[in-house]
Amino acid sequence: AQKVTQAQTEISVVEKEDVTLDCVYETRDTTYYLFWYKQPPSGELVFLIRRNSFDEQNEISGRYSWNFQKSTSSFNFTITASQVVDSAVYFCALSDKNAGNMLTFGGGTRLMVKP
Amino acid sequence: DSGVTQTPKHLITATGQRVTLRCSPRSGDLSVYWYQQSLDQGLQFLIQYYNGEERAKGNILERFSAQQFPDLHSELNLSSLELGDSALYFCASSAWGRSFNNEQFFGPGTRLTVL
């Protein structure tokens, strides 16, 4: 069965600090996809990134970067020079062949960026 | 704005009642997914429809049912409501039904409060 663990339930940083959100996953499939979603205080879920299991290249998008390491089953998310607008709950999710199209979400990490 | 719409935004009702949540997918998307976000269970997949047919089922209670209509909008029906059904219900859509790699775009959610 698939499982996603986000061990950090809450992180608090001061603006301009870098912060890394951890995500560890479990799956028996060799083909799978990993996702990150952001849930701001307004409540909607915003898609951030999708990564497939065959592509271990790190990805950078502006202040956001993602580190995918199959050897440790981790897909960590780093925000560089954090801003108050980054305050949100961040979810890591997994989909694999066995599970079909459903997303299995981690418990989420609440990030608070203080001015 | 993801392009997925959900109505109503908020719903307050009493135990034992029945409610219907409505979702319109992004233009062109054939798949609709329903998820429940509660404090104790986190984000959980309930059910998926693809082009009018049920495709996958998750942890959906027997008191809950869903359908997708010919115009591709979907409704989630919750009956014999209990206090524990209070949650944020998300609808998501994606272009395809078979592939497990496509990103799902989420609507703003319907917040259900059962008193």
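Everything numeric in this text was worked out from a predicted model, so none of it was measured. (Residues numbered from 1 in each chain as written. Chains lettered and ligands numbered in written order. Predicted model: local features only at pLDDT ≥ 70, side-chain atom pairs only at ≥ 80, totals over all residues. Heavy atoms only, no water.)

1. Description of the interface of chain B and chain A
And step 1. On the chain A side, the residues contacting the 21 residues of chain B number 20 residues.
And step 2. Buried surface at the junction of chain B and chain A, summed over both partners, amounts to about 1,700 Å²; 61% is from carbon and sulfur atoms.
And step 3. Scanning the region where chain B abuts chain A turns up 1 salt bridge.
And step 4. The shortest N-O distance in the salt bridge between Glu103(B) and Arg50(A) comes to 2.7 Å.
And step 5. At the surface where chain B touches chain A, the tally comes to 4 residue pairs in polar contact (both at pLDDT 80 or more).
And step 6. Tallied by class, residues from the side of chain B that touches chain A come to 10 nonpolar, 8 polar and 3 charged. (Contact = heavy atoms within 4.5 Å. Buried area = accessible area lost by both parts, 1.4 Å probe. Salt bridge = Lys/Arg side-chain N within 4 Å of Asp/Glu carboxyl O. Polar contact = N/O pair within 3.5 Å; in protein donor to acceptor, adjacent residues only side chain to side chain. Nonpolar A, V, L, I, M, F, W, Y, C, P; charged D, E, K, R; others polar.)

2. A short note on the state of the cysteines
A covalent bond between the sulfur atoms of two cysteines is referred to as a disulfide.
Residues and elements named next belong to chain B.
And step 1. Applying the stated criterion across every chain yields a total of 2 disulfides over all chains.
And step 2. Across the disulfide, Cys23 is cross-linked to Cys91 (sulfur-sulfur distance 1.8 Å). Looking down the S-S bond of the Cys23 and Cys91 bridge, the torsion is -50°, so its handedness is left-handed. Of the two residues, Cys23 sits in strand β3 (residues 19-24) while Cys91 sits in strand β9 (residues 87-94), which places them 68 residues apart along the sequence. Neither Cys23 nor Cys91 differs from the other in exposure class; each is buried. (Disulfide = S-S within 2.5 Å. Helix = DSSP H or I, 4+ residues; strand = E, 2+ residues; numbered from the N terminus. Buried < 20%, exposed > 50% of the residue type's maximum accessible area, 1.4 Å probe, protein only.)

3. Some points on the confidence of the model for chain A
And step 1. This prediction gives chain A a mean pLDDT of 93; 99% of its residues lie at or above 70.
And step 2. For chain A, the element scoring lowest by mean pLDDT is strand β7 (residues 59-61) of chain A, at 88; strand β3 (residues 19-21) of chain A scores highest, at 98. (pLDDT = per-residue confidence, 0-100.)

4. A closer look at the packing of aromatic side chains
And step 1. This model, assessed by the stated rule, comprises 20 aromatic pairs over all chains.
And step 2. Residues Trp66(A) and Phe77(A) carry aromatic rings whose centres are separated by 5.0 Å and whose planes lie at 5° to one another, so their mutual orientation is stacked. With Trp66(A) in strand β8 (residues 64-69) and Phe77(A) in strand β9 (residues 74-79), the pair connects residues that are 11 residues apart, well separated along the chain.
And step 3. What makes Phe77(A) buried here is its relative accessible area of 0%.
And step 4. Taking 6.5 Å as the distance between ring centres and 70° as the angle between the ring planes, the aromatic pair formed by Phe64(B) and Tyr89(B) counts as edge-to-face. Note that Phe64(B) is positioned in strand β7 (residues 64-68) and Tyr89(B) in strand β9, a separation of 25 residues in sequence. Each of the two residues, Phe64(B) as well as Tyr89(B), counts as buried.
And step 5. Every member of this aromatic cluster is reached through a ring pair, and the members are Phe35(A), Tyr37(A), Phe47(A), Phe91(A), Phe105(A), Tyr35(B), Phe45(B), Phe90(B), Phe105(B) and Phe106(B). (Phe/Tyr/Trp six-rings, centres within 6.5 Å; stacked < 30°, edge-to-face > 60°.)

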